[in-house]
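Chain residues, written in single-letter form:
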Amino acid sequence: MMVQGGVLALPYQWQMRVERLKRMFGGMFGGGGERRPQLCPACGALVGITATKCHECGTNLRFGLAAWSKGLSEFFGGHAPVTTVILIVNVVMFAVSLLATIKSNEGEGFSLLFGMGNQALYRLGASNPYAVLIEHQWWRLITASFLHGGLLHIGFNMMVLLDIGPIVEELYGSPRYLFLYIVTGAAGFVLSVFHHPAVGASASLLGLIGIMIAVTTKRSGAAMQALRSRLISWVVSIFAIGFLAGGMIDNWGHFGGLAAGFILGKLLADREPAGPGEKKTAYALGWVAGLATIASFILMFLHYSDQLPGTR
């Protein structure tokens, strides 16, 4: 590996990301950056090198939701940056869950494939009837989507995420996709929290499937009919397995996510936002979802050391 000035050189991809990050934050606050014409992140109009506002739609080019969203999307790269971030957060939280399980002495005899420690998952933000309904820890409805009970659980869910996530993200655009993912997941846990504790990304994933089913009902053609049939068959299989598995699979959460996704898919235009107004609304929705998720994780860390139910 090359060494420059006594410091290990970053891989090329990360060098590019660091440069994007510098440009993003430099642009947000009016400093530095390359001296070249730019595109308005809201309407796509070409604006001047020194412009601070778009002459077409009035969007602030230095500090605003549109500028931040574009910069973050460029930093993570690819055509599905939000899906990439969601995948990373899920994997990181699984590793944290594993370490927390071992540290809490729940690791003796537990199965990495099937069962993470209940205490560890509770502390890390699992959906739990007592915590949510009695102690009003509503942030768990979001954090639970990023936790998994075992290697098979996260493995299957992340394969589905990588399969369907980029399709929905490309269809709706990254900001609205983030909003849809978080809201449908939370809706699933709102329904399941009245019945049992739960974790997993499957509520959000069923939400994405519900969105795609709704999209196929708004478009005609043999291809859409075939896709809708496959999606419905997939949903029927998931619920059938859930009923056969008894309490091991959260069918309530699956149904809540699916229903929320179908409703949102019917309400929202199945395309990327067009025009300054729609783009600003999409950016706002994405940032609301993102900030709500960050706030939920902060609250999880603040409550991590709370006494467990039944020990108070």
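Residues numbered from 1 in each chain as written. Predicted model: local features only at pLDDT ≥ 70, side-chain atom pairs only at ≥ 80, totals over all residues. Heavy atoms only, no water.

Engineer: Got a sec to walk through the side chain of Asp 270? Specific residues and values, please.
Structural biologist: Examined against the element boundaries, Asp 270 turns out to sit in the loop between helix H11 (251-267) and helix H12 (275-302). At 2.8 Å, the side chain of Asp 270 forms a polar contact with the side chain of Arg 219. Asp 270 has contacts with Leu 171, Tyr 172, Val 215, Lys 218 and Arg 219, leaving out every residue within four places of it along the chain. (Helix = DSSP H or I, 4+ residues; strand = E, 2+ residues; numbered from the N terminus. Polar contact = N/O pair within 3.5 Å; in protein donor to acceptor, adjacent residues only side chain to side chain. Contact = heavy atoms within 4.5 Å.)

Engineer: Please give an account of the pattern of salt bridges that cites residues and values.
Structural biologist: The tally for this structure, following the rule as stated, stands at 3 salt bridges. Put simply, Arg 219 and Asp 270 hold a salt bridge, and the shortest N to O gap is 2.8 Å. You can see Arg 219 sitting in the loop between helix H9 (202-218) and helix H10 (222-245) and its partner Asp 270 sitting in the loop between H11 and H12, a full 51 residues away along the chain. Given the relative accessible area of 38%, Arg 219 is considered partly exposed. Arg 271 is the salt-bridge partner of Glu 278, the closest N and O atoms lying 2.8 Å from each other. What you see here is one network of salt bridges that share partners, running through Lys 218, Arg 219 and Asp 270. (Salt bridge = Lys/Arg side-chain N within 4 Å of Asp/Glu carboxyl O. Buried < 20%, exposed > 50% of the residue type's maximum accessible area, 1.4 Å probe, protein only.)

Engineer: Account for the environment of Tyr 181, with residues named and values stated.
Structural biologist: Considering the arrangement of structural elements, one finds Tyr 181 in helix H8 (residues 174-192). Residues Tyr 181 and Gly 165, 16 residues apart in the sequence, show an inter-C-alpha distance of 9.0 Å. Apart from the residues within four sequence positions on either side, Tyr 181 is in contact with Ile 86, Asn 90, Leu 161, Ala 201, Ser 204, Leu 205 and Leu 208.

Engineer: Let's hear about the environment of Leu 178: which residues, and what values?
Structural biologist: Note that Leu 178 resides in helix H8. For Leu 178, a relative accessible area of 19% gives the class buried. As a C-alpha pair, Leu 178 and Ala 289 span 111 residues in sequence and 6.6 Å in three-dimensional space. Filtering out sequence-adjacent residues up to four positions away, Leu 178 remains in contact with Val 82, Gly 286, Ala 289 and Gly 290.

Engineer: I'd like a rundown of the packing of aromatic side chains, residues and numbers included.
Structural biologist: Scanning all chains against the criterion turns up 2 aromatic pairs. Cation over ring: Arg 123 sits above Tyr 304, and NZ or CZ is 6.0 Å from the ring centre. Stacked on the ring of Tyr 122, the Lys or Arg Arg 140 has its end atom at 4.1 Å from the ring centre. (Phe/Tyr/Trp six-rings, centres within 6.5 Å; stacked < 30°, edge-to-face > 60°. Lys NZ or Arg CZ within 6 Å of the ring centre and 35° of its normal.)

Engineer: Tell me what's going on with the packing of H8 against H9, and back it up with residues and numbers.
Structural biologist: Running from N to C, H8 and H9 cross one another at 120°; their axes reach a closest spacing of 7 Å. In this structure, the crossing between H8 and H9 has a hand that is right-handed. Between H8 and H9, the contacting residues are Tyr 177, Leu 180, Tyr 181, Thr 184, Gly 185, Gly 188 and Phe 189 on the first element and Ala 203, Ser 204, Leu 205, Gly 207, Leu 208 and Ile 211 on the second. Residues of the contact of H8 with H9, tallied by class, amount to 8 nonpolar, 5 polar and no charged. (Axes fitted to C-alpha atoms, helices over the stretch in contact; angles between N-to-C directions. Left-handed = near helix turned anticlockwise from the far one by under 90°. Nonpolar A, V, L, I, M, F, W, Y, C, P; charged D, E, K, R; others polar.)

Engineer: Please provide a residue-by-residue account of empty space enclosed by the protein, values included.
Structural biologist: Rolled over the atoms, a probe with the dimensions of a water molecule shows which regions are left empty. Applying the stated criterion to the full structure yields 1 cavity of 30 Å³ or more. The space that makes up the largest cavity amounts to roughly 60 Å³. Surrounding the largest cavity, 11 residues form its lining, Tyr 122, Arg 140, His 303, Tyr 304 and Asp 306 being those nearest its centre. Grouping the constituent residues of the lining of the largest cavity by class yields 3 nonpolar, 3 polar and 5 charged. (1 Å grid on protein atoms, 1.4 Å probe; cavity = no way out; pocket = protein on both sides within 12 Å on 5 of 7 lines; lining within 4 Å. Points joined across faces, edges and corners; volume = space filled by probe spheres on them.)

Engineer: Mind laying out H10, listing which residues take part and the relevant values?
Structural biologist: Helix length check: H10 (24 residues) gives 35 Å between terminal C-alpha atoms against 34 Å at 1.5 Å per residue, within 8%. What H10 keeps buried is the set Met 224, Leu 231, Val 235, Ile 238, Phe 239 and Gly 242. Those residues of H10 hidden inside the fold are in contact with H9 and H11. (Expected span 1.5 Å × (residues − 1).)

Engineer: Summarise the environment of Leu 285; cite the residues concerned and give the values.
Structural biologist: Here Leu 285 is to be found in helix H12. Accessibility expressed as a relative area gives 24% for Leu 285, which makes it partly exposed. Once the C-alpha coordinates of Leu 285 and Leu 178 are considered, the two residues, 107 residues apart in sequence, prove to be 8.3 Å apart.

Engineer: Help me get a handle on the nonpolar core, residues and values and all.
Structural biologist: The tendency in soluble globular proteins is for nonpolar side chains to be buried side by side. Core analysis: the largest hydrophobic core is formed by 47 residues, its most contacted members being Val 168, Tyr 177, Tyr 181, Leu 208 and Ile 209. Counting residues per element, the ones that place at least two in this core are helix H3 (81-103), helix H4 (118-123), helix H7 (151-172), H8, H9, H10, H11 and H12. Counting 8 residues, the second-largest nonpolar core is a separate cluster that includes Val 132, Leu 141, Phe 189 and Ala 203. (Core = buried A, V, L, I, M, F, W, Y, C linked by side-chain atoms within 4.5 Å.)

Engineer: I'd love a proper account of the packing of H9 against H11, names of residues and values included.
Structural biologist: Two elements in contact, H9 and H11, have axes separated by 6 Å at closest approach and are oriented at 35°. Here H9 runs over H11; the crossing is right-handed. Only Gly 253, His 254, Gly 257, Leu 258, Gly 261, Phe 262, Gly 265 and Lys 266 of H11 make contact with H9, whose side of the interface consists of Ser 202, Ala 203, Leu 206, Gly 207, Ile 209, Gly 210, Ile 211, Ile 213, Ala 214, Thr 217 and Lys 218.

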